[in-house]
Amino acid sequence: MIDYSKFVENSRKWLSQYIRDNHLQSLVCGVSGGVDSCVSLALAQPVCQELNISLIGRSLPTTTNKPDENNTANLVGNAFCTDFKGVNISEECQKLIYELELNEGKMSRLQEGNIKARVRMIYLRHLASLHKGVVLDNDNFTEWNLGFWTVGGDSPCDVNLGLHYLWKTEIYELARYLMIYCCKNENQIEAIKYSINLTPTDGNGVSNSDCEQFGLDNYEQVDDVLKTMYYNDKFFEQWAENKQIFKGPHPEYIRLIDSYNEQGVDKVMLLHQNTAYKRKELPIKPTKEELGL
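These notes cover the structure that comes with them. (Residues numbered from 1 in each chain as written. Predicted model: local features only at pLDDT ≥ 70, side-chain atom pairs only at ≥ 80, totals over all residues. Heavy atoms only, no water.)

Next up on the list: the pattern of salt bridges. Any two side chains of opposite charge can pair, on the condition that their charged atoms come close. Across all of its chains, the model carries nine salt bridges by this definition. Between Lys6 and Glu9 there is a salt bridge, with its nearest N and O atoms 3.9 Å apart. Of this pair, Lys6 and Glu9 both sit in helix α1 (residues 4-21), separated by three residues, roughly a single helical turn. A single salt-bridge network, built from bridges that share partners, covers Asp36, Glu143 and Lys168. (Salt bridge = Lys/Arg side-chain N within 4 Å of Asp/Glu carboxyl O. Helix = DSSP H or I, 4+ residues; strand = E, 2+ residues; numbered from the N terminus.)

Right, let's get into the packing of aromatic side chains. This model, assessed by the stated rule, comprises eleven aromatic pairs. When the centroid spacing of 6.0 Å and the interplanar angle of 85 degrees are considered together, the rings of Trp167 and Tyr230 count as edge-to-face. Placement of Trp167 in the loop between β5 (159-160) and α7 (168-182) and of Tyr230 in helix α10 (residues 219-231) is noted, with a sequence separation of 63 residues between them. On the numbers, 6.3 Å between centres and 65 degrees between planes, the contact of Trp167 with Tyr231 is edge-to-face. Of the two residues, Trp167 is situated in the loop between β5 and α7 and Tyr231 in helix α10; the sequence distance between them amounts to 64 residues. (Phe/Tyr/Trp six-rings, centres within 6.5 Å; stacked < 30°, edge-to-face > 60°.)

The strand order across the open sheet built from five strands is β3-β2-β1-β4-β5, with neighbouring strands paired in parallel fashion. The open sheet has two edge strands with one neighbour each: β3 (83-86) and β5. Here strand β4 (residues 133-137) runs beside β5; their pairing, made up of two bridges, is parallel. Note on β5: the bridge partner recorded for Leu136 is Val159. Its contacts with the sheet place helix α3 (residues 67-80) against β2 (54-59) and β3, and it is angled at close to 165 degrees to β3. (Pairing = 2+ DSSP bridges. Contact = heavy atoms within 4.5 Å. Axes fitted to C-alpha atoms, helices over the stretch in contact; angles between N-to-C directions.)

Now the structure itself:
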């Protein structure tokens, strides 16, 4: 069981020291309206206020962002940031997509989504350069294990406040803790509440929700599958050895497919396996020994 009081205290203490050590004048955050960026901002806001540096937030929607996402992003940004606005980047994304398709061929919806994520990061990194800051990384452990992020886009960024160690379900728990015990401002409480209740999507129009892409009903199910793989070496080894969907008699696999949608369980496991390359330190390169150096 996580002590969220200690987590918040230590995360903010670490961030304060990092800002002072590196003489930063701002933190920059992409604000989607989702719970991850909301939690990052709620953690960072008191530290930025204490050190008198800017907390810059930008909502960067395109035509595939839903009105409730944009509205919640505005609530969150205005509640926590010292400098916030929404900038629609649809035109810039469509121009780039058009030119790439014209020269390189038709894109899938997923590839279009990757372009949008990378355009957003261009914008955020430019702001960090202008204001002598760094870009906050809002990735959590569930998304990391699924490869549910865009290389060169939404992750990895510069600074993660500890969300990377928390499963998605724990991010929701942390958000509720912040809302109940840490926020005195009514606007901040309302912003977190709306963020918690927002249906999580990638904002790129690939699907109606994250879990729809994973084939399961909610993040509780997704985390259960991933934790079973992560904390049970024998189970994962038996599954991985087959190179196909594990159909053996392992009791934990039987429990998962009896409890949830079997295709969704298999899809989450395959996503974890097939995105292993994204979790390696970049650039991938030979060792000095392999090169004879």
